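What the coordinates show
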Amino acid sequence: MLTIRGLNAGYGKFQVLFDVNAEVKKGKILTIVGPNGSGKSTLIKTVMGMTKVYSGKITFKNDDITGLSTHLVTKRGISYLPQTGNVFSNLTVEENLMLAGYTLSKEDTKKRISETIEEFPIVKKYLRKKCGFLSGGERQMVAMAMAMIRKPEMILFDEPVASLSPKAANEVMKKILELNKRGITVVLIEQAAKKALQIADDALLMTSGKVTYQGSAKNLLAHPELGKVYLGIKSGS
Ligand SMILES: Nc1ncnc2c1ncn2[C@@H]1O[C@H](COP(=O)(O)OP(=O)(O)OP(=O)(O)O)[C@@H](O)[C@H]1O
Ligand SMILES: [Mg+2]
């Protein structure tokens, strides 16, 4: 569904990604793991048209989307939940949801909000509350509802449970699985590698801006060297 070929990209002249090749299959969950600073966020930001592409090609459903601006990528059917600051704290939940519909008409946005909140009880309950007053888990639910407003075919999650309590993290993960079961293709960056790999179909391991493994998540979990190297980095940090 999403194909990345020979991608070299970065920020200005600072290259972060080196000859990255990757494949996201329709209806599946791909987990991206790798140490801090290895380029995981940069990879999905590049898909969203937020970095500088020097060479290579990104295709979504066979259309070339390389270098398209963020709102055009969004319009094609990809939603993105950034690692930080994915809701506006000083706005209400409802106002955040309205903003999420920026590629739709006001009427369509309102219709989509009323449909979407049926699947997110917490979001429905706190519609008039400012996001700044919500817990981290609740805010993440709002961010997910925002991503759903535009009926995406694929959602890119950048460490959605990183700062959450185990209980809130479980609920968010459960919701991600639920969305996937309904046909949404998921790309998930996660630091808690083991857990994220257990729910994934496929995995991508990044090290220093390069892809060092792509294949089934099960095989990466079982891989004697890669697993150890990666978990070694984790336990040392
Ligand atoms: N906006 C930016 N401008 C310049 N350099 C950046 C920018 N964002 C990230 N970088 C650099 O790009 C490299 C990769 O960062 P990136 O955020 O993609 O890593 P990551 O794998 O997501 O790390 P983490 O696990 O800490 O989130 C790092 O060296 C980082 O300092
Ligand atoms: Mg990151």
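Look up: the structure comes first, before these words.
Below or above, wherever it landed, is the structure these notes cover. (Residues numbered from 1 in each chain as written. Chains lettered and ligands numbered in written order. Predicted model: local features only at pLDDT ≥ 70, side-chain atom pairs only at ≥ 80, totals over all residues. Heavy atoms only, no water.)

Considering empty space enclosed by the protein
- Counted by the stated rule, this structure contains one cavity of 30 Å³ or more.
- Of the volumes computed, that of the largest cavity is approximately 60 Å³.
- Around the largest cavity, the lining residues are L2, I4, A22, V24, L30, I32, L43, I44, V47, L156, V187 and L204.
- At the level of secondary structure, the elements contributing two or more residues to the lining of the largest cavity comprise β1 (2–11), β2 (14–24), β3 (29–33) and α1 (40–47).
- It is α1 that contributes the most residues to the lining of the largest cavity, three residues altogether.
- In the lining of the largest cavity, the residues fall into twelve nonpolar, no polar and no charged. (1 Å grid on protein atoms, 1.4 Å probe; cavity = no way out; pocket = protein on both sides within 12 Å on 5 of 7 lines; lining within 4 Å. Points joined across faces, edges and corners; volume = space filled by probe spheres on them. Helix = DSSP H or I, 4+ residues; strand = E, 2+ residues; numbered from the N terminus. Nonpolar A, V, L, I, M, F, W, Y, C, P; charged D, E, K, R; others polar.)

A look at the sheet that holds strand β4 (residues 52–60)
- Read across the sheet, four strands follow the order β2-β1-β4-β5 without closing on themselves; strand pairing throughout is antiparallel. Each having just a single partner strand, β2 and β5 (63–64) make up the two edges of the open sheet.
- Of the pairings in the sheet, the one linking β1 to β2 comprises seven bridges and is antiparallel in character. The partner of I4 across the bridge, within β2, is A22.
- Strands β1, β2 and β4 of the sheet are contacted by α1, whose axis makes an angle of about 110° with β1. (Pairing = 2+ DSSP bridges. Contact = heavy atoms within 4.5 Å. Axes fitted to C-alpha atoms, helices over the stretch in contact; angles between N-to-C directions.)

Points about the packing of aromatic side chains
- Under the definition given, this model contains zero aromatic pairs.
- Looking at K210, its charged tip hangs above the ring of F18, at a distance of 5.6 Å from the centre. (Phe/Tyr/Trp six-rings, centres within 6.5 Å; stacked < 30°, edge-to-face > 60°. Lys NZ or Arg CZ within 6 Å of the ring centre and 35° of its normal.)

Things to note about the layout of surface pockets
- Within this model, the largest pocket holds a volume of roughly 370 Å³.
- Contributing elements (two or more residues each) for the lining of the largest pocket: α2 (70–76), β6 (78–81), α3 (93–100) and α6 (136–149).
- No other element matches β6, which puts four residues into the lining of the largest pocket.
- Looking at side-chain class alone, the lining of the largest pocket contains 14 nonpolar, five polar and one charged residues.

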